[in-house]
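What follows is the residue order along each chain.
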Amino acid sequence: MPLGTTLDRYILHRQNAFAFATGELSQLLRDIALAGKIVHREVNRAGLIDLTGDMGLQNVQGEAQQKLDVIADIRFRRALTNGGEVCALISEEEEGIIFTGNNKGKYVVAIDPLDGSSNIDVNVSIGTIFSIYRRVTPVGSEPTLDDFMQGGHEQVAAGYILFGSSTMLVYTTGHSVNGFTYDTSVGEFILSHPNIKTPQNGAIYSYNDGNLNAYAEPVQRYLAACRERQYSARYIGSLVADFHRNLLKGGIYLYPPTAKNPNGKLRLLYECYPLAFIAGITGCLAVNDTEAILNIKPTSLHQRTPLYIGAPAMVEELMGYLV
Ligand SMILES: O=P(O)(O)OC[C@H]1O[C@](O)(COP(=O)(O)O)[C@@H](O)[C@@H]1O
Ligand SMILES: [Mg+2]
Ligand SMILES: [Mg+2]
């Protein structure tokens, strides 16, 4: 599809490529795009309408919920419930399964409504990360935990929305990864980055240097090698933004285990699986200390995993240090 194609037209084009497609996944992707436009508006005017700061509440992770965490959570839930295609979802901001009441819905969604919460109030890029599965429980029945414990390879679509200098939706349904930039003047996501592929190698490395001394020795040795080569150290502190930059330019993002977070900090179902799904199609690698992210067996809704993701040559070199 040519540059400038609207998201709606692109989705329809993809749907028509499948004889048996019934349009539900297409509608679900449109529902996510709609919520993305609304959250774009809230993010842009957060400072004007007192949407900065925290709510004085904690989420299931024990993190202080920022107002925009809660607003984004409400906006995506509402769009996915009203859209009718989703029977249940899980969110970083909610402990249990969220039942939409649409038991006829064929899909379940795992979502990080607002990624990069520590950057919300300081006007630094933030985002949303989502992962979609076809349910395994019978359509019409009450969805269960099984629908969310299918494993990374069973995702039927995954993506993120980046609220940066421009707002972009980047997603895949398993064939190619495409980026759409939000043109506020026409209110449409427009195809701007077709068929994204990452460079084989890169010279950017992203990690929280404040945790360096807490990392295992092999990780420290890999980072020392990067420093020795004078690679560019870039860390925004919003996973979605650090991943996006490295995806386009070639680089590696690391969130290793530490004493404080022996399983890493990032959540498997709504941060690591969706980015690993995108990574696989763009040529990136996504692993933890022992296996590929998509091979990790899911055991709980908010489980964490260490994450190393980026240009294949860089991740393979790091894996060489880890074995
Ligand atoms: O402040 P730290 O420890 O470097 O962690 C930053 C990481 O944590 C996150 O903010 C976690 O995501 P949330 O903001 O969605 O909780 C990532 O976006 C980011 O990469
Ligand atoms: Mg996050
Ligand atoms: Mg979040």
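Residues numbered from 1 in each chain as written. Chains lettered and ligands numbered in written order. Predicted model: local features only at pLDDT ≥ 70, side-chain atom pairs only at ≥ 80, totals over all residues. Heavy atoms only, no water.

A separate point is the overall build of the chain. Helix and strand counts for the chain come out as seven helices and 15 strands. Expected size for 323 residues packed as a compact globule is a radius of gyration near 20 Å; at 19 Å, the chain falls within 12% of this value. Projected onto the principal axes, the alpha-carbon positions of the chain cover approximately 55 × 45 × 45 Å. For the chain, the proportion of its 323 residues judged to be buried stands at 54%. (Helix = DSSP H or I, 4+ residues; strand = E, 2+ residues; numbered from the N terminus. Rg over C-alpha atoms; globule rule 2.2 N^0.38 Å. Buried < 20%, exposed > 50% of the residue type's maximum accessible area, 1.4 Å probe, protein only.)

Further remarks concern the environment of glycine 101. Tracing the sequence through the fold places glycine 101 in the loop between β4 (98-99) and β5 (107-115). By relative accessible area, glycine 101 is classed as exposed at 62%. A sequence separation of 41 residues divides glycine 101 from glutamate 142, and the C-alpha atoms of the two residues are 8.5 Å apart.

We now examine the coordination of the magnesium ion (ligand 3). Around a metal, the perfect tetrahedron of four donors has angles of 109.5 degrees, and the perfect octahedron of six donors has angles of 90 or 180 degrees. Protein ligation of the magnesium ion (ligand 3) involves Glu92 (OE), Asp112 (OD) and Leu114 (O), the donor distances falling in the range 1.9 to 2.2 Å. For the magnesium ion (ligand 3), the donor residues sit on a single chain with the sequence spacing E-x19-D-x1-L. Between the two metals, the magnesium ion (ligand 3) and the magnesium ion (ligand 2), the spacing is 3.6 Å, and aspartate 112 donates to both. Taken as a pair, glutamate 92 in the loop between β3 (86-91) and β4 and leucine 114 in strand β5 lie far apart in primary sequence, 22 residues in all. What makes glutamate 92 buried here is its relative accessible area of 3%. With a relative accessible area of 0%, leucine 114 lands in the buried category. (Donors = N, O, S within 2.8 Å, 3.2 Å for Na, K, Ca; no water.)

With that settled, the discussion passes to the UniProt feature "domain: Fructose-1-6-bisphosphatase class I N-terminal" (unreviewed entry) in the chain. Here the UniProt feature "domain: Fructose-1-6-bisphosphatase class I N-terminal" (unreviewed entry) sits at residues 6-194. Between the end C-alpha atoms of residues 6-194 the distance is 12 Å, and the span holds 25% helix and 32% strand. (UniProt positions renumbered as here; feature names shortened; annotations may be inferred.)

Take the site of ligand 1 next. Within the structure, ligand 1 sits among 17 residues, and Asp115, Gly116, Tyr235, Leu239 and Tyr255 are positioned closest to it. Taking aspartate 112, its side chain carries an N or O atom lying 2.9 Å from an oxygen atom of ligand 1. Side-chain polar atom of tyrosine 235 to an oxygen atom of ligand 1: 2.6 Å apart, as the coordinates give it. Protein burial of ligand 1: of its 470 Å² of free accessible surface, 89% is covered by the chains. Residue assignment for the shell around ligand 1 shows that the elements contributing at least two residues are β5 and β13 (252-255). The leading source of residues in the shell around ligand 1 is β5, at three residues. By residue class, the composition of the shell around ligand 1 is five nonpolar, five polar and seven charged. (Near = heavy atom within 4 Å. Polar contact = N/O pair within 3.5 Å; in protein donor to acceptor, adjacent residues only side chain to side chain. Areas by Shrake-Rupley, 256 points an atom, 1.4 Å probe, with all protein chains shown as cover. Nonpolar A, V, L, I, M, F, W, Y, C, P; charged D, E, K, R; others polar.)

What follows covers the domain arrangement of the chain. Parsing the chain into structural domains produces domain 1 (7-193) and domain 2 (204-322). Centre-to-centre separation of domain 1 and domain 2, based on C-alpha positions: 23 Å. Between domain 1 and domain 2, the residue contacts involve 49 residues of the former and 30 residues of the latter. Of the roughly 2,800 Å² buried between domain 1 and domain 2 on both sides combined, carbon and sulfur atoms contribute 67%. (Domains from an automatic or database assignment. Contact = heavy atoms within 4.5 Å. Buried area = accessible area lost by both parts, 1.4 Å probe.)

Moving on, we get to helix α5 (residues 239-249). Extensive coverage of α5 is indicated by the burial of nine of its eleven residues. Among the residues making up α5, those that are buried are Leu239, Val240, Ala241, Asp242, Phe243, His244, Arg245, Asn246 and Leu247. In the segment just after α5, glycine 250 is the residue with positive phi, at about 95 degrees.

Quick look at the sheet that holds β5 now. The sheet built from eight strands is open, its strands ordered β4-β3-β5-β6-β7-β8-β9-β10 with mixed pairing. Of all the strands in the sheet, just β4 and β10 (188-193) have a single pairing partner and so form its edges. Strand direction decides the pairing type here: β3 and β4, joined by two bridges, are antiparallel. Looking at the pairing, leucine 89 lines up with isoleucine 98 of β4. Across the face of the sheet, helix α3 (residues 67-83) comes into contact with β3, β4, β5, β6 (126-134) and β7 (157-163) while running at roughly 155 degrees to β5. (Pairing = 2+ DSSP bridges. Axes fitted to C-alpha atoms, helices over the stretch in contact; angles between N-to-C directions.)

Nonpolar side chains tend toward joint burial in soluble globular proteins. Ranked by internal contacts, the top residues of the largest apolar core, which has 43 residues, are Tyr160, Leu269 and Ile293. Ranked by the residues each element gives to this core, the list is headed by helix α6 (residues 268-282), at eleven residues. Residues from two domains meet in this core; each of domain 1 (7-193) and domain 2 (204-322) gives at least three. Not counting the four nearest positions on each side in its chain, leucine 269 is found in contact with Ile90, Ala110, Ser131, Phe148, Met149, Pro274, Pro298, Ser300 and Leu301. Ranked by size, the runner-up nonpolar core spans 39 residues in total, among them Leu28, Val39, Ile132 and Ala157. (Core = buried A, V, L, I, M, F, W, Y, C linked by side-chain atoms within 4.5 Å.)

At 1.9 to 2.1 Å from the magnesium ion (ligand 2) lie its protein donor atoms, namely Asp112 (OD), Asp115 (OD) and Glu271 (OE). Sequence positions of the residues that donate to the magnesium ion (ligand 2) give the spacing D-x2-D-x155-E.

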